[in-house]
Amino acid sequence: ERPATGPHHPVDQFDYPVAVTADPSGELVWVTGGNFDLAWRGGAVLAVDVRDHSFVTAQSEEGLLPVGAEIGSFPGPMELFEREGRAVAGYVLSRTDAALYQVQFSGEPSAPIVTCPGGQRADSGLMSCPAESALDDIAYTDPDGEPSTLDLGTDPYGSLVVQRDAETPPLLLTGAMVEGTVAIFELDEEGTPEALASLDITGGLLDFASNPLTGRIYASHKFSNAISVLAVAPRDPHSPAAPLQLEKLGNIPLPSNLFSGDHARGLEVSPDGRRLYAAYRAPSSLMILDVSDQASDNPQERVLAKVAVHSRPSDVAVAPASHGLPELVYVSCYLGDRIDVVDPAIGLVVDSIAVGDGPSGVAFLQNDALGIRRLYVANFHDQSMGVIELNPESSAFHTQIAEVR
């Protein structure tokens, strides 16, 4: 577990950032820092204002507070639970602790007060979330009504909030890289997770993506040339109060280089739910898959194209068609220090954007009220977040216009 002594994580500095998450307010992004050099008590999620790229602070009864939280080291991306256009809670998995950290947000959506179970303020004002209050080895009642313990698995990293409709409770899925364990939680109105069950799928589980058209859920695997296809199981009409369950429907096989052991990474579904984009390292490429819903209610789920990109792609973000541009896919290329831009309609890289050293997680944000249409990238080795202009009317289109450290 992370140490209880030593310096707390800074409030205005990134430490080996791995991911960026766009806030539903459209006014800030959350950057997850990994603490890979173990310089601090743990990693952190810190909020950055999209208007001026400053670290966000919030006014509270305690005074001016940094907006963020200290969590376990070697974390994954922060996944947000939102309601009515604002973030209610956030979830981050720590590989060091093999535990799930949860944070809650209150106050103004653009400058929220951050709290967490058992959390205390560091001298800097940053909320420090203790490892003993994070979720691991969780007691629950299994589907057969027997008491059991839910284990998140080894090296948990990816997570996904599934919000389907007003009648279906929202779910949180977490994935463990080693065993491929998917832990399933139900979320209450405040975003508090209650353990429901677990499902073991293929090892190397890294990322999730949900399809707004079909409701299907896709999972990528570092050590398998297949994408897992999951779905929330229909409720038993004879037991309408029974907990929701997750089922595996099958796999989408992808072409593979037999001499490589590192396969799919980041996943993203197009806004219309008809395409799945997968960053793939065997060989370095963006896989474009048809996952559209057919009249027979049987998605095709077939590979349409394999687009070669620069070395070791990590993550994928989709910018929907707008401003006279077609839908474009942005792929972070970890060893290329660049973002490759793919037009999926023609299956080609149409541009390449120079960024900092070791680009990893990416996030797209569009806020028409602020005139912002940008991509944000966690530059792991540069220990910075890059800001890329995506408005084609700007003279800085497809260039990194700022680097926040």
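Preceding this paragraph is the structure being described.
Only a predicted model underlies this, so the values are computations on that prediction, with no experimental measurement involved. (Residues numbered from 1 in each chain as written. Predicted model: local features only at pLDDT ≥ 70, side-chain atom pairs only at ≥ 80, totals over all residues. Heavy atoms only, no water.)

Undergrad: What am I meant to see in the sheet that holds strand β24 (residues 275-281) here?
TA: Backbone hydrogen bonds are what pair the strands of a sheet, in a parallel or an antiparallel way. Sheet architecture is open: four strands sit in the order β23-β24-β25-β26, paired in antiparallel fashion. Whereas interior strands pair on both sides, the edge strands pair on one side only; in this sheet they are β23 (264-269) and β26 (302-308). The average angle at which neighbouring strand axes cross in this sheet is 20°, direction not considered. Bridge analysis of β23 against β24 gives four bridges, and the strand direction is antiparallel. Residue pairing in the sheet places Ala264 in a bridge with Tyr280 of β24. (Pairing = 2+ DSSP bridges. Helix = DSSP H or I, 4+ residues; strand = E, 2+ residues; numbered from the N terminus. Axes fitted to C-alpha atoms, helices over the stretch in contact; angles between N-to-C directions.)

Undergrad: So what exactly am I meant to see when it comes to the sheet that holds strand β8 (residues 86-94) here?
TA: An order of β7-β8-β9-β10 is seen for the four strands of this open sheet, with the pairing classed as antiparallel. Where the open sheet ends on each side, the last strands, each with one partner, are β7 (79-83) and β10 (111-115). Pairs of neighbouring strands in the sheet enclose a mean axial angle of 25°, with direction left out of account.

Undergrad: Please clarify how the packing of aromatic side chains should be interpreted in this entry.
TA: Between two aromatic rings, the relevant description is the distance of the centres plus the angle of the planes. The full count for this structure, using the stated rule, is six aromatic pairs. Between the aromatic rings of Phe14 and Phe55, the centroid separation amounts to 5.1 Å while the plane-to-plane angle is 55°, which identifies the pairing as tilted. Taken together, the residues span a long stretch of sequence, with Phe14 in the segment before β1 (17-22) and Phe55 in the loop between β3 (44-49) and β4 (57-60) at a distance of 41 residues. Both residues of the pair, Phe14 and Phe55, count as buried. (Phe/Tyr/Trp six-rings, centres within 6.5 Å; stacked < 30°, edge-to-face > 60°. Buried < 20%, exposed > 50% of the residue type's maximum accessible area, 1.4 Å probe, protein only.)

Undergrad: Looking at this structure, I do not really get the environment of Pro243. What am I missing?
TA: Counting through the fold element by element, Pro243 comes out in the loop between β21 (226-232) and β22 (246-253). Relative accessible area serves as the criterion here: at 43%, Pro243 is assigned to the partly exposed category. Through-space distance from the C-alpha of Pro243 to that of Ala197 is 8.9 Å; in sequence the pair is 46 residues apart.

Undergrad: Can you help me understand the nonpolar core in this one?
TA: Among the nonpolar cores identified, the biggest contains 25 residues, and Trp30, Met78, Val103 and Phe105 are the most heavily contacted of them. When residues of this core are traced back to their parent elements, those giving at least two are β2 (28-33), β3, β8, β9 (99-108) and β10. Here this core takes four residues from β9, the largest share from any one element. Beyond its immediate sequence surroundings of up to four residues, Val103 is in contact with Ala69, Met78, Val88, Ala89, Gly90, Val114, Thr115, Cys116 and Cys129. Counting residues in each nonpolar core, the second largest holds 19 residues, with Val31, Leu46, Val50 and Ala363 among its members. (Core = buried A, V, L, I, M, F, W, Y, C linked by side-chain atoms within 4.5 Å. Contact = heavy atoms within 4.5 Å.)

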